[in-house]
Structures are given as structure tokens and as C-alpha cells.
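Residue strings, one per chain:
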Amino acid sequence: MASKDPQLTPTELDELLLSNEPLTHSQEAFVKEYVSQQENSLEQQRKEMEAISQQLSELLERKGRLEVSAMKAERDISNCKRLLQLSVSIPTEILQIIFSYSIPSAFGACVRHSSTYSNQPPHSLIYVCRRWRRIALDMPSLWTSFSIRSFSFSRLQIPNATSFREMVKSHYGRSKELPKSLDIDAVSLYPQLGHVKSVITPVFNNEDIEIKNLALRSDILNPLLHGLGTPAELWNPNAFRKVESLVLYSRAASDPSQEEIGIFSPERLKALRRLSFRYGHMLSRGILDTYAIPWKNLTHVAITSWLRIEEWKQFFPKLASLEQGIFYIAVELSDDDPFQVHPVSQHPTLSDLTLIFQTSDDYLAAVAFEPYGFPQLQHLRLGAYQQRLSLSRNHAFFDLHNIQNTLNNLTSLSLCPLSWETPAKNIIEILILTPSLLSLTIGVSTNYDRIFEQFQVDWNGFALVPSLEEFVIDCIPNSSSSSGPSFGTDGDDSPDRTKTRTGPSVAVFLVLTAGGFTGMVKDRWRPLDTISQLKKVSLFLPTGHENLLATVESNLKEEVKEGLDLTVRTSKAPVRWVEPMGRQITHWHEGLVLPEESDCAACLNASR
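As the structure is a prediction and not an experimental result, all values here were calculated from the model.

J.: Give me the overall build of the chain: which residues, what numbers.
T.: Scanning the chain from N- to C-terminus turns up 17 helices and 16 strands. Scored against the burial criterion, the 608 residues of the chain give a buried share of 47%. Within the chain, contacts between residues at least 6 apart in sequence are counted, and of these 78% link residues at least 24 apart. For the chain, the accessible surface area stands at approximately 30,800 Å², while carbon and sulfur atoms represent 52% of it.

Right, here's the structure in full:
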């Protein structure tokens, strides 16, 4: 009999589902009822699962937001901790100073450490942060120079010429009223000549851009100058009238038969006052006449190619307004004509003069100066390359007697480098002609102990250069000396030490002892009424002579306690005699040679 509410146990239900027997009425009613109940239950479970899925989606979304918020919180906490660790907040004024020193000059004398300027001008500063950008854009001094060099690896490559010209205009526009500089260095001349023209044209045709400092450099200079075209083609006739400083640099000499350079003329270079010039290793005869430059108006001239002495004697009188000059002069046997008389030239404003000489192997006569007039000369640097001492030549290399009246007021004198070998008496002859010296630098190959004896005060109260206050010995071999000298390290009674080596550029005669040096310093440290006190002394020697320097320091420790300024150290390169020969020449106002120290901090640190 069928039940109104059929009930089956789970076991009975499983057996029924596995059975193939026909259902009874009660079983059929139960199954139908069971299916209805399970369908209702399944619908309810599906609704619950859908609700749970919605909750899970919301939770996952919330979890994602929390993760992002947590990451930001961690970053902010890290940045805050970093800020808390900063002891000082750098003021804007300090950052401006840092920016000034961190951007090397576009015309730096040290090409190894300043070449990055041409590829990364101060544009790199403005992308660091908003504060740096604001500070850099408000510093006109950072935007006064622009360099056009090899753009093969430059970050300033802009294929669109119009955009590039706008960048140049914007660059100079930030410098406001400060003097502007343009550096053109066509390392690979011909592929870039069109690009150079496209930049020069808007610069020199823009009345708002007045270039005060111009540098033109190339492997061979004349093709660059001729390739730039005539002034009418690229710039207006007044373009060069504001140029005050000019650098002309050619790594090799051009064909001297080329026609005159039409870009330059005395009319276009009316404001020119400073010139740095290099045209290969040796100047061809008459090459200076190719450049129509107002020589008589120039106040600063540096010619760092070798110029034959006879041409120099003819050229030097043209520099009537010269204040500072650097010249490299080649002396050959045929150049020194004792029967040729040169007119006396006056240089009333000349205050600083550097003369470097190099002679041929068979040159025997002394270099005699013409009777020049140097009433204002204060600083003189004399140098001689490959001037070897021999038994057959024991005379002074320089004959300064014709200008001795103009040397009385000389306050600073430098005699270098080590490849100039001369007896001590020749140095003493020069010092006798310069009694008013306050500063003296010597770095030649000679017997220094003999010189030190003349600096000591004698029984009559006299001594060489009585006004001397600073004395520097810089015996560091430079590029002209292939090996270093040797020194005695004994006291005053040590014998002379001479060392002989082979090679045309090697020091072969040099004596310097710790006793001779310290004896001179001690004697001049306690002056008489007519002898000034020696306030500052420096001794620079190559590596390997630390014992000598240690002896000097030990012998002078009492004088140092009393106030003597003493510097003794080894070096890899000359410290005080820094020469432009072989260096990339620069504008005068950025320090070509003066002061007699490297203008590159990286080089200076490397030499110590």
C-alpha cells in the first residue's frame, strides 16, 4: 500500500538507483517527490554560490586596492626615512655653485676630461628633477657656450634642421646678456659640413646672438674655413665685429699655397683682442700672413706651433698692444744671422711672456734677445727643449743682456723644463739680471747645490735675488724627458752627482741634495734688513725620491712650526710648469697657461 509521504533510507535509495527492476507505485511517487525536492535544493545552492562568488570578487578587488596602497605606503616610508637621514638640506645657492663646477667648459684645456660637454651640455641637468630644472634654467652662466662637434654619438642629434636651430636659439636665449661662446670642431669635416653650415647661419644672422668667443678647429683648418663659404653666403658682414677671443686650431698644416681666408679681415675683427693659434707642429713660412688679423690690436696671443726664430723676430714687433704672450720658437743654425739687425720694438703694456725654444743638434750659439722694450714686464717664463750640455759648449743658452734694463722690475721667473741642461753659473747669470724677483720656479737639469750656495747670505749680508719670497724646484720629467734624473741625498759636504743617459731628450746633468736645499732655506728663513724672508718653498720630485723628501721635511720641521709654508711631494707630471704644447688650446680668459698650475682638477689629482 502506497504511503502519503514515501520515505527511503539512503541505502535503499542507492539500491533503487542501481536496480533495473520496474518501480512500484510507492517507489515512483517517492522518486518524483525526491527529484522535486532536489531541484529546489539545487536552485537554492546555486543562488548561494552566486552570492559567495560576488563576495569573493569584491574581496579580491579590495585586496588589490590594499596591495597598491601598501606598496605606496612602503615607498613613502622609505623615502621619508631617506629624507630623515639627510643632515643638511642643500640651499639653492650651493646647488648653483655645484652646477657651475659640474659642467666643464666647452673650451676646456684638457680634452680628456672636458669633451663630454659637447655631447651633454647643461641640458642633462634639467631632466633630473623639477627643482634642478628650475635652478639650471635660471642660471645664465650655464648657457653661454655651445659646441658643434662630431654628432655621431651626441644626445643632441636632431634630424630636423629647423628644430636644431630653434634649440640653439633657445640655448643662447637663456644666457641673457652674458658673453656667448661658439665652438666649432669638425673632426670629420666633410660629412658634417652641411650640418655645421645649417647651425652657423642662424647664429651669425641672428642680431640677438652676439658671439664674443669663437673657436674653429679641424684636422686641417683651411678646408673648414673655405668650406664655410664667403660671409655673404652664411652671415652678415657685421657678424665677427663682436668677437673678442678667437681660437684657430689645426691638427695638421694645410697647403700654404691656398688663397687667403676671406672670412677674416681687420674690418670684420675690430673687437678681436685675444688669439690662440695652432697650425700643425711647425708653421710654414709666411702662413701667418694668410690670416688677415689685426695683430697690432691684440692683447693676448698664444702661438703653440713652432715658429722659426727669424719669422718670430719679424712678427713679434707687430704686437704693439700685447699684454700676455706665449710663443714656441725653433732655432736652426741658418736662422741666427749675426749680421742681420732688427729694429728695436717697444711693448709698453707687455706684463707676461712665455718663450719656449728648441734648437737643432748642431746649434752652438746662444739665443740673443733683441733690445726689446718691456717696461711693464712682471712675469717671464723661459724654456728650452732638447738643449743638451756638452763639453764643447759651456755657455749660457740665453743672452738676456740686451733686455736687462727691462728685467729689473721682473717679479716672477720660471726656467724649465728638465730637457734644458745648463751649468749652474748660467742660471746664476740670469738671476743676477732679475734682482727684484718675488717668485722663482726652476726645473732645469743643473747643479742645484751650486745655485743654493748663491742664495745663502754671505759675510757681507748679500745674497742672490734679495727680495725672493717664494722658491719652487719642479724637477719632474715631462713629455720631453724620457726618463727621470737621480739625486744625491747626503748633506752639504756630498760631492756633485752626475748621471749620464742616452737619448736626445734625457736629463744628463743634475745635482740636488737634501742638505743643500735645507741649508739654503734655513739661511733665508732668518733674514737681514736687506734680505727678504723666504716664506714659501716647494720641492717636487719624481717617484723614487721619497727618502730625500723625508730628509728635507725632517730638517725643516722647526721652520715649519715657526710659519714656513713648505710643500714637498712626488708627482707624475710637472706641477708648476704647465705648457700648452701638445694640449688642446683654449680661450685666454679660461686659463691657457696662467696660473702655472693645471686647470683640470682630474689631471691635478692624478699627478699626485
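So much for the structure itself; the text now carries on.
J.: Could you give me a rundown of the pattern of salt bridges, with the residues and numbers involved?
T.: Scanning the model with the defined rule gives 15 salt bridges in all. Of the charged contacts, one joins Glu559 and Arg526 as a salt bridge, the two residues approaching to 3.5 Å between their closest N and O atoms. With Glu559 in helix H16 (residues 557-562) and Arg526 in the loop between helix H14 (514-525) and strand E15 (536-541), this pair connects stretches of sequence that are 33 residues apart. Overall, the relative accessible area of 47% leaves Arg526 in the partly exposed class.

J.: Describe in detail the packing of aromatic side chains, supporting the description with residues and values.
T.: In total, this model carries 22 aromatic pairs according to the counting rule given. Look at Phe99 and Trp132: their rings are 5.1 Å apart centre to centre, the planes differ by 65°, and that puts the pair in the edge-to-face class. Pair noted here: Phe99 is in helix H3 (residues 92-102) and Trp132 is in helix H6 (residues 130-137), with a separation of 33 residues, a long-range link. With a relative accessible area of 28%, Trp132 lands in the partly exposed category. Between Phe455 and Phe471, the aromatic rings sit 4.9 Å apart at their centres with planes inclined by 20°, giving stacked as the arrangement. On the criterion of sequence distance, the pair formed by Phe455 in helix H13 (residues 448-455) and Phe471 in strand E14 (residues 470-474) is long-range, its members being 16 residues apart. We classify Phe471 as buried; its relative accessible area is 1%.

J.: Break down the confidence of the model for the chain for me, citing the residues and quoting the values.
T.: Per-residue confidence for the chain gives a mean pLDDT of 76, with 71% of residues at or over 70. Contacts of residues 105-119 to residues separated by more than four positions or lying in other chains number 47 contacts, the stretch itself having pLDDT below 50. Confidence drops under pLDDT 50 across residues 480-484; counting only partners more than four residues distant or on other chains, this segment forms 13 contacts.

J.: Give a description of the nonpolar core that names residues and reports values.
T.: If you look at the biggest cluster of nonpolar residues, it comprises 101 residues, and the most contacted ones within it are Phe327 and Phe471. Look past the residues within four positions of Phe327 in its chain and what remains in contact with it is Val301, Ile303, Trp312, Phe315, Phe316, Leu319, Leu322, Leu353, Thr354, Leu355 and Ile356. The next biggest cluster of nonpolar side chains, apart from the first, holds eleven residues, and it includes Trp306, Ile356, Cys416 and Trp577.

J.: Residue-level account of the pairing of E15, with values.
T.: Within E15, five of the six residues are buried, which leaves the element mostly enclosed by the surrounding structure. Here E14 runs beside E15; their pairing, made up of five bridges, is parallel. What sits directly across from Val472, in E15, is Ser538. Here E15 runs beside strand E16 (residues 565-570); their pairing, made up of six bridges, is parallel. In the sheet register, Val537 faces E16, and the bridge partner there is Leu566.

J.: Tell me about the side chain of Thr299, residues and numbers included.
T.: The residue Thr299 is located in the loop between strand E5 (274-279) and strand E6 (300-308) in this model. At a separation of 2.8 Å, a polar atom in the side chain of Thr299 contacts the side chain of His300. Filtering out sequence-adjacent residues up to four positions away, Thr299 remains in contact with Arg273, Arg274, Ser321, Leu322, Glu323 and Gln324.

J.: Let's hear about the state of the cysteines: which residues, and what values?
T.: Per the stated rule, a full pass over the model turns up zero disulfides. With no disulfide of its own, Cys475 lies closest to Cys416 among cysteine sulfurs, the gap being 8.3 Å. When its relative accessible area of 0% is taken as the criterion, Cys475 is described as buried.

J.: So, the environment of Gly461: which residues are in play, and what are the values?
T.: Within the secondary structure, Gly461 sits in the loop between H13 and E14. The spacing of Gly461 and Pro527 is 66 residues in sequence and 9.4 Å in space, taken between C-alpha atoms. Excluding its chain neighbours within four sequence positions, the residues that come into contact with Gly461 are Leu528, Thr530 and Ile531.

J.: Give a detailed account of unusual backbone geometry, specifying residues and quantitative values.
T.: Looking along the chain, the bond that leaves Cys416 and enters Pro417 is cis, with omega of -5°. Relative to the helices and strands, Pro417 resides in the loop between strand E12 (412-416) and helix H12 (424-432). Residues other than glycine seldom take positive phi values, yet Lys176 does so here, at roughly 55°. With respect to the helices and strands, the residue Lys176 is situated in the loop between helix H7 (161-173) and strand E2 (180-186). According to the relative accessible area criterion, Lys176 is exposed, its value standing at 57%. Residue Val465 is not a glycine yet carries a positive backbone phi of 40°. Note on placement: Val465 falls in the loop between H13 and E14. Assessed through its relative accessible area of 2%, Val465 is described here as buried.

The rules behind each value
Residues numbered from 1 in each chain as written. Predicted model: local features only at pLDDT ≥ 70, side-chain atom pairs only at ≥ 80, totals over all residues. Heavy atoms only, no water. Helix = DSSP H or I, 4+ residues; strand = E, 2+ residues; numbered from the N terminus. Buried < 20%, exposed > 50% of the residue type's maximum accessible area, 1.4 Å probe, protein only. Contact = heavy atoms within 4.5 Å. Areas by Shrake-Rupley, 256 points an atom, 1.4 Å probe, with all protein chains shown as cover. Salt bridge = Lys/Arg side-chain N within 4 Å of Asp/Glu carboxyl O. Phe/Tyr/Trp six-rings, centres within 6.5 Å; stacked < 30°, edge-to-face > 60°. pLDDT = per-residue confidence, 0-100. Core = buried A, V, L, I, M, F, W, Y, C linked by side-chain atoms within 4.5 Å. Pairing = 2+ DSSP bridges. Polar contact = N/O pair within 3.5 Å; in protein donor to acceptor, adjacent residues only side chain to side chain. Disulfide = S-S within 2.5 Å.

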